[in-house]
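# Working through the structure, step by step
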Amino acid sequence: MLQTPAPTDLVGTEALVRLTTTAPREYVHRAALAEVFLTADWSRTDEAHFTLSAQWPRGHSFFGPVGGSHYDPMLAAETIRQVGALLAHVGFDVPLGHQFLMWELNYRVVPALLPVGDAPAELRLDVTCSDIRRRAGRLAGLSYEVVISESGRAIATGDARYICTSPEVYRRLRADRLAEHSAAAPAPPTAPVEPRRVGRHHDFDVVLTPTERDDRWRLRVNTRHPVLFDHPGDHIPGMVLLEAARQAVHTLTPDGRAVLPVAMDSAFHRYAEFGSPCWIETEPAVGYPGGVERLIRVTGRQDDEILFTAITTVADLPTG
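Residues numbered from 1 in each chain as written. Predicted model: local features only at pLDDT ≥ 70, side-chain atom pairs only at ≥ 80, totals over all residues. Heavy atoms only, no water.

### Regarding the sheet that holds strand β7 (residues 208–210)
Which entries qualify depends on this criterion: At least two DSSP bridges between two strands are required for those strands to pair. Working definition: helices are DSSP H or I runs of at least four residues, strands are E runs of at least two. Numbering for both runs from the N terminus. Lines fitted to C-alpha atoms define the axes here, with helix axes fitted over just the stretch in contact, and angles between the N-to-C directions of these axes take values from 0 to 180 degrees.
The strand order across the open sheet formed by 12 strands is β1-β2-β4-β5-β6-β3-β9-β12-β11-β10-β8-β7, and the pairing between neighbours is antiparallel. Since the sheet does not close on itself, it has two edges, and those belong to β1 (38–46) and β7, each with one partner. Taken over all neighbouring pairs, the strand axes of this sheet differ in orientation by 25° on average, direction set aside. Pairing between strand β4 (residues 121–135) and strand β5 (residues 138–150): 10 bridges, direction antiparallel.

### Overview of the packing of helix α1 (residues 74–91) against helix α4 (residues 238–250)
To keep things clear, this is the line we draw: Throughout, the term roughly parallel applies to angles under 35 degrees, roughly antiparallel to angles over 145, roughly perpendicular to angles from 65 to 115, and oblique to all others. It is the rotation of the near helix from the far one that decides the hand of a crossing: anticlockwise by less than a right angle makes it left-handed, clockwise makes it right-handed. The contact criterion used is simple: two residues touch if any of their non-hydrogen atoms lie within 4.5 Å. Polarity classes work like this: nonpolar for Ala, Val, Leu, Ile, Met, Phe, Trp, Tyr, Cys and Pro, charged for Asp, Glu, Lys and Arg, and polar for all others, with Gly in that last group.
Relative orientation of the contacting elements α1 and α4 amounts to 160°, with a least axis distance of 11 Å. The angle between α1 and α4 places the two elements in the roughly antiparallel class. As for how α1 packs across α4, the hand of that crossing is right-handed. Only M239, L242, E243 and R246 of α4 make contact with α1, whose side of the interface consists of M74, A77, E78 and R81. A breakdown of the residues in the contact of α1 with α4 according to their chemical character gives 4 nonpolar, no polar and 4 charged.

### Some thoughts on the confidence of the model for the protein chain
What counts, and what does not: Scored from 0 to 100, pLDDT reflects the predictor's confidence in each residue.
Confidence in the prediction of the protein chain, expressed as mean pLDDT, is 90, and 90% of residues score 70 or more. Predicted confidence for residues 1–15 stays below pLDDT 50, and this span has 16 contacts to residues more than four positions away or in other chains.

### Observations regarding α4
Think of an α-helix as 3.6 residues a turn; residues three or four steps apart then line up on the same face. Note the threshold: For a helix, the expected span equals 1.5 Å multiplied by the number of residues minus one. Only protein chains enter the area calculation, which uses a 1.4 Å probe; residues under 20% of their type maximum are buried, those over 50% are exposed, and those in between are partly exposed.
Helix length check: α4, at 13 residues, gives a terminal C-alpha distance of 19 Å against a target of 18 Å (1.5 Å per residue), a fit within 8%. For α4, the buried fraction is high: 12 of the 13 residues fall into the buried class.

### Considerations on the packing of aromatic side chains
Quick note on the threshold: Centres within 6.5 Å are what make two rings of Phe, Tyr or Trp a pair, Trp counting through its six-membered ring; a difference in plane orientation under 30 degrees is then read as stacked, over 60 as edge-to-face, and the rest as tilted. Geometrically, a charge over a ring is one whose NZ (Lys) or CZ (Arg) sits within 6 Å of the ring centre while staying within 35 degrees of the ring normal.
Tallied over the full model, the rule gives 9 aromatic pairs. Ring centres of Y170 and Y271 lie 6.2 Å apart, and the angle between their planes is 80°; this geometry places the pair in the edge-to-face category. With Y170 in helix α2 (residues 167–173) and Y271 in the loop between β9 (259–268) and β10 (278–284), this pair connects stretches of sequence that are 101 residues apart. The buried category is assigned to Y271, whose relative accessible area is 18%. Here the guanidinium or amino end of R216 rests over the ring plane of W279, the centre of that ring lying 4.3 Å away.

Here it is as structure tokens:
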């Protein structure tokens, strides 16, 4: 278990006060400390089982409360992503600098247990790893499941699958794209959808550009966004694609009211590249529009190939 030094200014107290710190930002592949949700407190039961902790802030510059009252379910998605990176480094000895490719990321939240309280949400994460694959004695990929609990109640669950490669292998696989990206200047963002339609307050946070169709958008890429593009990279991050899916399904609410993306089952098929337009499309899935929850399939395409799919379950904000 990661330990923090005992405080030296608490002489005379009867109990040791344990200080809480965030996990090292490098372990979750974030540049800004404010974007680290995992804390430096974890333990291992055996090869495949871990217990971690996390904290969700009551307010966040991008993943703010939905409707001003409920935690943004995308916090669960980002927390699950960070779990995979942390485990690779501290649980399976993957050196910093290795590259990760996420193939799947799924989550489901319990809406009634998401109201923002009087203090940040202190979370316990129970993690089970499977399909642990190694190459030459080093982790090559794994799958994992996460149960996120607060005060003994499971508020969210999820799972993910990824592979990781050394910097040398990554440079060899991505040589052409790396050269193109380093030589090209960032393109200016395209025009945004009206923010209210996608559940946002400012153009800066919109990741969709309108087209002539109501069910199709161009992905709006703004590399100056400090959360979605937390650090430089040679491809568009997966969390940008998930945010595009969330914003796309929000446009389908007829009166623009706040809704929760209570579940998302996402599959990533290839890297999303900077140099070519990415198109986001929606279509009803089984169960839409009847019932309390609505299922919507979101598909991202680039150069006539599928980038990702996200089956998103949308529900109204709980009342009471």
